[in-house]
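Chains, contacts and geometry: an overview
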Protein chains: 2
Amino acid sequence: MRRLDISDNGFEAAFRALVGETRDGGSPVDGPVRDIIAAVRAGGDTAVCAYTDRFDRPGLPALTPGDLRVTEAEIDQACSAVSPDLLGALDLAACRIEAFHRAQLPRDLEFQDEAGLMLGLRWTPLDAVGIYVPGGKAAYPSSVLMNAIPARAAGVGRIAMCVPCPGGVLNPLVLAAARRAGVEEIYRIGGAQAVAALAYGTRTIAVVDRIVGPGNAYVAEAKRQVFGQVGIDSIAGPSEVVIVADGDNDPHHVALDLLAQAEHDENAQSILITDDPAFADAVAANVQTVLETLPRAAIARESWDRYGAIILVGTMEQAWPLVNRLAPEHLQLMLGDDTRAFAAIRHAGAIFRGRHCPEAIGDYVGGPNHVLPTNRTARFASGLSVYDFLKRTTWIAADAAALGRVGPAAVALAEAEGLHAHASSVAVRLGQA
Amino acid sequence: MRRLDISDNGFEAAFRALVGETRDGGSPVDGPVRDIIAAVRAGGDTAVCAYTDRFDRPGLPALTPGDLRVTEAEIDQACSAVSPDLLGALDLAACRIEAFHRAQLPRDLEFQDEAGLMLGLRWTPLDAVGIYVPGGKAAYPSSVLMNAIPARAAGVGRIAMCVPCPGGVLNPLVLAAARRAGVEEIYRIGGAQAVAALAYGTRTIAVVDRIVGPGNAYVAEAKRQVFGQVGIDSIAGPSEVVIVADGDNDPHHVALDLLAQAEHDENAQSILITDDPAFADAVAANVQTVLETLPRAAIARESWDRYGAIILVGTMEQAWPLVNRLAPEHLQLMLGDDTRAFAAIRHAGAIFRGRHCPEAIGDYVGGPNHVLPTNRTARFASGLSVYDFLKRTTWIAADAAALGRVGPAAVALAEAEGLHAHASSVAVRLGQA
């Protein structure tokens, strides 16, 4: 964990290093991913099975194409294996996520303008999407809800889900979440091979139009490579939180919030910004105490030691430009009155306001999506939403009178661009050609 | 030009080939583009100048970094070189584009739900965007308006424009369009080197957050490679139009509309779908006649010969599924009453309705954007809009009472996912830890 103090001479250089840091850690995987995609395009199901056997099932019986899809009986069995309490929690989460995403649904535009043209913009859902649910280090049923429910709310007809099953093990809660979200087409595959299958199709897996959901470095690179063939969402990096907290907070709460982020992944990042040095000390001490109690202490400690940071500011107003430069995936504002802070923040994936709103609420039951832009991409990217599953078609309708009012300008511009057929196609309707 | 008849036995195979066809033509450029990006990252302005000299200025004096930016005097001079008529046409186009894009601006969400949480979604503009304007085979002032005006309407603070200037020649109308759109930061560079400069920055060119605008294969591949570092819009391919027209249309008009698309590029595609064989013949004959008159006949003829198609259907209802499978960038519906057709179309970038609304209207003065998804990507992608220059931040605020209503479910789900610190960060505030 680093401590930075805005009043230090070296602060700007140290903060710039923090902002510029990459936390991917791994070596480039574009070559291997290119090979996997080519193999799946050439070999279809057989290649998908072979990669799945190699990466997820060493020592287990070889998969055949007929095994790829999770059966209805398996989903039934999974659902009955989940406790009613947990199914209730899943249902509360699903209802809240659905309500928030339905509230986002945009409306079509249609109007006649002064020149007499009818102009419009129509939203339509995608036909088919692929949802990638990580299943490696941790399988997250909440991610199933967060990916599938916005697609359903948008009106997507077909949702195909891929979830890797290392060691052949299926997480029952993941399947229960899929059923709750209305997803019945589930494949027990992951990695670049799953992305390739969704993008190009195999005999068993029909192509989709867009692939969403976070994954490891192979999944991220595979999405980049299939982009254009299908749509993708943003490329996810390690998770991060920035907590802006004054000294009136309970340092134990803040320590837990920082470690909730750190326990995700060794490459996760937790940053506290405060104007109270004693509070900063208390949080740092609490982090060490809490670390003793965590089942995932090794991961959380590595994240905190390598990437954690506490930044001291002289006044809270100094925090807002720093937050905007960090453009964090998650931002907790734990202040007496955050009105000015909230107005000053321009770049953040999601904001959690108040002393009673830890980021974990947003991971599960808040309602907004937990698939969010990481690695400073909140400068230009947004969390998953119904917009990821809709597209726009604009339209223009004109009669002869309307064309008469705007057509001559089109003819002039087309001629200036040297596009004679463009110009003539308008001019002929104006009776000029 | 191919003729397909839906009543032929071989129709499905022939149509499938048409849908699956790639029209890129070129060889893969990912290696050269990777080299250019690496060189620009390492060498900054010097590398940008060297590539520009090599690709755009053979035989001309070498550029220095101080030459990269187009001067205000050059813009002044360009504006005074454009005729008042043309400036008027540009202004009419700009006003209409601005009005349509302002009408798209989305509204923030903010509401309290039944559990007492405050939930919200806030749109904010990007800080800085890069606009790529093609300047090779044809420099399009209309593209300047179509890229810059939505960014301005969204509230983007800084717009940096790159336009290649082959032979050192600047198109005055491009500069006039930039000024009309409020763009004053213009660089005379193009290709992968321009994309790299915008994404990674040089001493002269500050980094942007997102790069939009169509370009050649090098530009498209460079955008793909910098994606993640910055945002990008969709990857543009050759342009295309599908015209669905009944026999009551003037075949000469339709021929001009088909050739307006074909004159863009040898790889452009123009497809007519009709239920009237005699009309199809008349259009095909008119295409040949019009070709004799076009300054860009060589390009248009090559496009029409290689990629043009006329598809005969038995009834117009048979056309809609074909259109959806083609998911065309541009669709003209030239029918007596297009209500049912319009309702049945799910996938198209932009639709032009009626006999008096050629696609060229949308290229210049309609108001909706002319930067549209090509190559079947209208299945999942949309035309450029204010949404390309905005991003969403979601937010949640909770007090202790609200947390009490949703917190227990979050604790249960976090524990089920094995994320103990997540669970504790909520439980501690519920008084349970």
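Residues numbered from 1 in each chain as written. Chains lettered and ligands numbered in written order. Predicted model: local features only at pLDDT ≥ 70, side-chain atom pairs only at ≥ 80, totals over all residues. Heavy atoms only, no water.

Taking an unreviewed UniProt entry as the reference, chain A is identified by name as Histidinol dehydrogenase belonging to Lichenicola cladoniae. Per UniProt, chain A has the following entry under Function (unreviewed entry): "Catalyzes the sequential NAD-dependent oxidations of L-histidinol to L-histidinaldehyde and then to L-histidine." UniProt's Sequence similarities (unreviewed entry) comment on chain A is quoted here verbatim: "Belongs to the histidinol dehydrogenase family." (UniProt positions renumbered as here; feature names shortened; annotations may be inferred.)

**Thoughts on the interface of chain B and chain A**
Counting residues at the interface gives 124 residues for chain B and 124 residues for chain A. Here chain B packs against chain A, burying approximately 10,100 Å² in sum over the two surfaces, 61% of which is carbon and sulfur. Across the contact surface, chain B and chain A share 10 salt bridges. We note a salt bridge from D113(B) to R96(A), for which the minimum N-O separation is 2.6 Å. Along the contact surface separating chain B from chain A lie 60 residue pairs in polar contact (both at pLDDT 80 or more). When residues of the side of chain B that touches chain A are assigned to their parent elements, the largest contribution, 11 residues, is made by helix α16 (residues 400–416) of chain B. A class-by-class count of the residues in the side of chain B that touches chain A yields 66 nonpolar, 31 polar and 27 charged. In this sheet, strand β14 (residues 390–397) of chain B lies alongside strand β13 (residues 350–353) of chain A in parallel orientation, the contact comprising four bridges. Following the sheet pairing, I351(A) is matched in β14(B) by W395(B). (Contact = heavy atoms within 4.5 Å. Buried area = accessible area lost by both parts, 1.4 Å probe. Salt bridge = Lys/Arg side-chain N within 4 Å of Asp/Glu carboxyl O. Polar contact = N/O pair within 3.5 Å; in protein donor to acceptor, adjacent residues only side chain to side chain. Helix = DSSP H or I, 4+ residues; strand = E, 2+ residues; numbered from the N terminus. Nonpolar A, V, L, I, M, F, W, Y, C, P; charged D, E, K, R; others polar. Pairing = 2+ DSSP bridges.)

**Re the UniProt feature "binding site: NAD(+)" (unreviewed entry) in chain A**
All names here are of chain A. Within this structure's numbering, the places UniProt gives as "binding site: NAD(+)" (unreviewed entry) are Y132, Q193 and N216. Look at the named residues: they lie 85 residues apart in sequence, but the longest C-alpha span between them is just 12.5 Å, so in the fold they bunch up. Considering the arrangement of structural elements, one finds Y132 in strand β4 (residues 128–132). We classify Y132 as buried; its relative accessible area is 4%. Contacts of Y132, omitting those with residues within four sequence positions, involve N147, C162, P164, G190, G191, A194, V212, G213, P214, G215 and V219. A polar side-chain atom of Y132 sits 2.8 Å from the main-chain amide nitrogen of G191. On the secondary structure map, Q193 appears in helix α8 (residues 191–200). Owing to a relative accessible area of 2%, Q193 belongs among the buried residues under this scheme. Q193 has contacts with I36, V40, V48, Y51, T52 and F55, leaving out every residue within four places of it along the chain. (Buried < 20%, exposed > 50% of the residue type's maximum accessible area, 1.4 Å probe, protein only.)

**Examining the side chain of H370(A)**
Residues and elements named next belong to chain A. You can see H370 is positioned in the loop between α15 (359–364) and β14 (390–397). Judged by relative accessible area, which is 13%, H370 ranks as buried. From its side chain, H370 meets the backbone oxygen of D363 in a polar contact 2.9 Å long. Among residues more than four places away in sequence, those in contact with H370 are S142, S143, M146, E329, G362 and D363.

**Comments concerning the nonpolar core**
Judged by nonpolar contacts, the single largest core of 155 residues is most densely connected at M161(A) and M161(B). For M161(A), the residues in contact, after removing those within four places along its chain, are I131(A), V133(A), V144(A), V174(A), A178(A), V183(A), E185(A), I186(A) and Y187(A). In this structure, V208(A), F227(A), A160(B) and F227(B) belong to the second largest nonpolar core, which totals 70 residues. (Core = buried A, V, L, I, M, F, W, Y, C linked by side-chain atoms within 4.5 Å.)

**Structural notes on the sheet that holds strand β11 (residues 309–312) of chain B**
An order of β2(A)-β3(A)-β14(A)-β13(B)-β12(B)-β9(B)-β10(B)-β11(B)-β1(B) is seen for the nine strands of this open sheet, with the pairing classed as mixed. Either end of the sheet is taken by a strand with one partner, and the two such strands are β2 (109–112) of chain A together with β1 (2–5) of chain B. Direction aside, neighbouring strands of the sheet carry axes that sit 15° apart on average. Pairing between strand β9 (residues 240–245) of chain B and strand β12 (residues 330–334) of chain B: five bridges, direction parallel. (Axes fitted to C-alpha atoms, helices over the stretch in contact; angles between N-to-C directions.)

**Topic: the UniProt feature "binding site: substrate" (unreviewed entry) in chain A**
Residues given the UniProt feature "binding site: substrate" (unreviewed entry) here are S239(A), Q261(A), H264(A), H330(A), D363(A), E417(A) and H422(A). Their sequence span is 184 residues, while the largest C-alpha to C-alpha distance among them is 56.0 Å; these annotated residues do not converge on one region. Secondary-structure assignment places S239(A) in the loop between β8 (231–232) and β9 (240–245). Not counting residues up to four positions away in its chain, the partners in contact with S239(A) are R23(A), Q261(A), H264(A), N267(A), A268(A), Q269(A), E329(A), H330(A) and T374(A). Within the local environment of S239(A), its side chain forms a polar contact with the side chain of Q261(A), the two groups lying 2.4 Å apart. Along the chain, the position of H264(A) falls in the loop between α10 (251–262) and β10 (269–274). Each residue touching H264(A), except ones within four places of it in the same chain, is listed here: Y140(A), S239(A), R296(A), I299(A), D363(A), L419(B) and H422(B).

**Section: the relation of the copies chain B and chain A**
In screw terms, the move from chain B to chain A is a rotation of 180° and a rise of 0.0 Å along the axis, fitting with an RMSD of 0.0 Å. Considering both components of the superposition, the chain copies are consistent with a two-fold axis. Relative to the rotation axis, the C-alpha of R224(B) is the closest in chain B, positioned 3.6 Å from it. A high fraction, 100%, of the interface residues of chain B reappear at the interface in chain A, so the copies pair face to face through one surface. (Least-squares fit on C-alpha atoms with pLDDT ≥ 70 in both.)

**Quick word on the pattern of salt bridges**
Charged atoms that come close allow side chains of opposite charge to pair. Taken as a whole, this structure holds 48 salt bridges over all chains when the rule is applied. Its salt-bridge partner being R158(B), residue E185(B) comes within 2.9 Å of it at the nearest N-O pair. Taken as a pair, E185(B) in strand β6 (residues 185–187) and R158(B) in strand β5 (residues 158–162) lie far apart in primary sequence, 27 residues in all. The buried category is assigned to E185(B), whose relative accessible area is 12%. A salt bridge links R224(B) to E221(B); the shortest N-O distance between them is 3.4 Å. Pair noted here: R224(B) and E221(B) are both in helix α9 (residues 217–226), with a separation of three residues, about one helical turn. Judged by its relative accessible area of 21%, R224(B) falls in the partly exposed class. Beyond isolated ion pairs, a larger network of salt bridges with shared partners links E12(A), R16(A) and R325(A).

**Some words on the pairing of strand β4 (residues 128–132) of chain B**
All names here are of chain B. Burial runs high along β4: five of the five residues are buried. The two faces of β4 match: A128, G130 and Y132 on one face and V129 and I131 on the other face are all buried. Of the strand pairs in this sheet, β4 and β5 are connected by five bridges, and their pairing is parallel. By the bridge assignment, A128 is partnered in β5 with R158. Here β4 pairs with strand β7 (residues 210–212) via three bridges, running parallel. Residue V129 lies in a different strand from β7, and its bridge partner there is R210.

**Considering helix α13 (residues 319–326) of chain A**
All names here are of chain A. The element α13 is extensively covered by neighbouring structure, given that six of its eight residues are classed as buried. If you check which residues of α13 are buried, you get A319, W320, L322, V323, N324 and L326. At its buried positions, α13 is contacted by α1 (11–20), β9, β10, β11 (309–312), β12 (330–334) and α14 (339–344). At the C-terminal side of α13, A327 shows a positive phi close to 45°.

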